[in-house]
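# Per-entry structural report
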Amino acid sequence: MKLALFDYGAGNLHSLGKALEAAQATVTVTSDWDKALRLDGLVLPGVVAFGPAARALPDDIGPLRRRLEEGYPCLGICLGMQLLFDASDESDGHGIGLVPGRVRHLESAVVPHMGWNDVETAEDPIFDGIEQLVAYYANSYICEPVDSAAAIAWSTYEGRRFAAGLRAANTWGLQYHPEKSSLPGRQIITNFVRLAAETRQASPDSVESRA
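Now for a look at the structure at hand. (Residues numbered from 1 in each chain as written. Predicted model: local features only at pLDDT ≥ 70, side-chain atom pairs only at ≥ 80, totals over all residues. Heavy atoms only, no water.)

Secondary structure summary: the protein contains 6 helices and 12 strands in total. Against the globule reference of 17 Å for 211 residues, the protein gives a C-alpha radius of gyration of 16 Å, in line with a compact fold. Dimensions of the protein, computed from C-alpha atoms along their principal axes, come out at roughly 50 × 40 × 30 Å. When burial is assessed residue by residue, the protein has 53% of its 211 residues classed as buried. Long-range contacts, defined here as pairs at least 24 residues apart, represent 70% of the contacts in the protein between residues at least 6 apart. Surface accessibility of the protein: about 9,400 Å² in total, with carbon and sulfur atoms responsible for 47%. Separation of charge centres in the protein, based on 18 positive and 27 negative side chains, amounts to 4 Å. (Helix = DSSP H or I, 4+ residues; strand = E, 2+ residues; numbered from the N terminus. Rg over C-alpha atoms; globule rule 2.2 N^0.38 Å. Buried < 20%, exposed > 50% of the residue type's maximum accessible area, 1.4 Å probe, protein only. Contact = heavy atoms within 4.5 Å. Areas by Shrake-Rupley, 256 points an atom, 1.4 Å probe, with all protein chains shown as cover. Lys, Arg positive; Asp, Glu negative; His and termini not counted. Charge placed at Lys NZ, Arg CZ, Asp CG, Glu CD.)

Given below as structure tokens:
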């Protein structure tokens, strides 16, 4: 599996890249959207703030959004999940708009939300093989989808329950960092690589036709 790990221009991608490689993916770190979308899947990492990351998106977001709507595999982590939405309270800029809704500031006494937290999960193949999930968080913002059915996981922090994961077509968003979440987190990454491979096998000419 050839996956694009998108580089917004800031942050450390090393641990996420190593986790994807451990799941038998070939990882290309790139800030070139044409190059990224010629590969088998896309990973949007959880680094930098919403504004700079939004500025790194294509000027015309329509083709990227349509690819995701059509089932192109994508995994958005922390900020990467937030970029799937229309906009964020954190800063100006437009996200991909795949998931209708907005990213809101986490209204809690202690922000950012740092450390380990239980995650409730719905039935979804991204969680295959995981009986109990405790994940590592580092976030000051949370996602509020218009349609609550988009959420596939939830966490509660200081009494506030929020979406910890979501799915739209073959795009998964995770508010926590699976690459820092011990064996269950690595299992999620392995599951994503497998799901992307299954999508690739179902459409064997999809990548070559774009090369």
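Text resumes after the structure shown.
Most of strand 10 (residues 151–157) is tucked away: 5 of the 7 residues are buried. Of the pairings in the sheet, the one linking strand 7 (residues 113–121) to strand 10 comprises 2 bridges and is antiparallel in character. Pairing of Glu-120 across the sheet is with Trp-154, part of strand 10. Note that strand 10 and strand 11 (residues 160–168) share 6 bridges and pair antiparallel. The residue of strand 11 that forms the bridge with Ala-153 is Gly-165. Between the antiparallel neighbours strand 10 and strand 11 lie 2 residues, among them Glu-158 with a positive phi of about 50°. (Pairing = 2+ DSSP bridges.)

Next up on the list: the side chain of Asp-124. Counting through the fold element by element, Asp-124 comes out in the loop between strand 7 and strand 8 (133–139). Overall, the relative accessible area of 8% leaves Asp-124 in the buried class. For Asp-124, the side chain forms a polar contact with the main-chain nitrogen of Ile-126, separated by 3.0 Å. At 3.1 Å, the side chain of Asp-124 forms a polar contact with the side chain of Arg-167. With residues near it in sequence (within four places) discarded, Asp-124 still touches Ile-152, Arg-167 and Trp-172. (Polar contact = N/O pair within 3.5 Å; in protein donor to acceptor, adjacent residues only side chain to side chain.)

This part is about the environment of Asp-86. Within the secondary structure, Asp-86 sits in the loop between helix 5 (79–82) and strand 5 (87–88). Among the residues examined, Asp-86 registers a relative accessible area of 34% and is labelled partly exposed. Sequence spacing of Asp-86 and Gly-101 is 15 residues, and the spatial spacing of their C-alpha atoms is 6.2 Å. Here Gly-101 takes part through its backbone nitrogen, which lies 3.2 Å from a polar atom of the side chain of Asp-86.

This paragraph deals with the pairing of strand 9 (residues 141–145). Of all the 5 residues making up strand 9, 4 are buried; the element is thus mostly covered by neighbouring parts of the structure. Where strand 6 (residues 101–105) meets strand 9, 5 bridges bridge the pair, whose relative direction is antiparallel. Looking across to strand 9, one finds that Val-103 is bridged to Cys-143.

Here we take up helix 4 (residues 62–69). When we look at burial in helix 4, the residues that qualify are Gly-62, Leu-64, Arg-67 and Leu-68. In this structure, the buried side of helix 4 is in contact with helix 2 (33–36), strand 3 (41–44), strand 4 (74–77) and strand 12 (171–174). At the exit of helix 4 stands Gly-71, carrying a positive phi of roughly 110°.

This next bit is on the nonpolar core. Core analysis: the biggest nonpolar cluster contains 72 residues, and Leu-42 and Tyr-176 have the highest contact counts within it. The greatest single-element share of this core, amounting to 6 residues, is contributed by helix 6 (residues 182–202). When near neighbours in sequence (up to four residues on either side) are disregarded, Tyr-176 contacts Ile-77, Cys-78, Val-119, Phe-127, Leu-133, Ala-135, Tyr-136, Tyr-137, Ala-164, Ser-181 and Ile-188. (Core = buried A, V, L, I, M, F, W, Y, C linked by side-chain atoms within 4.5 Å.)

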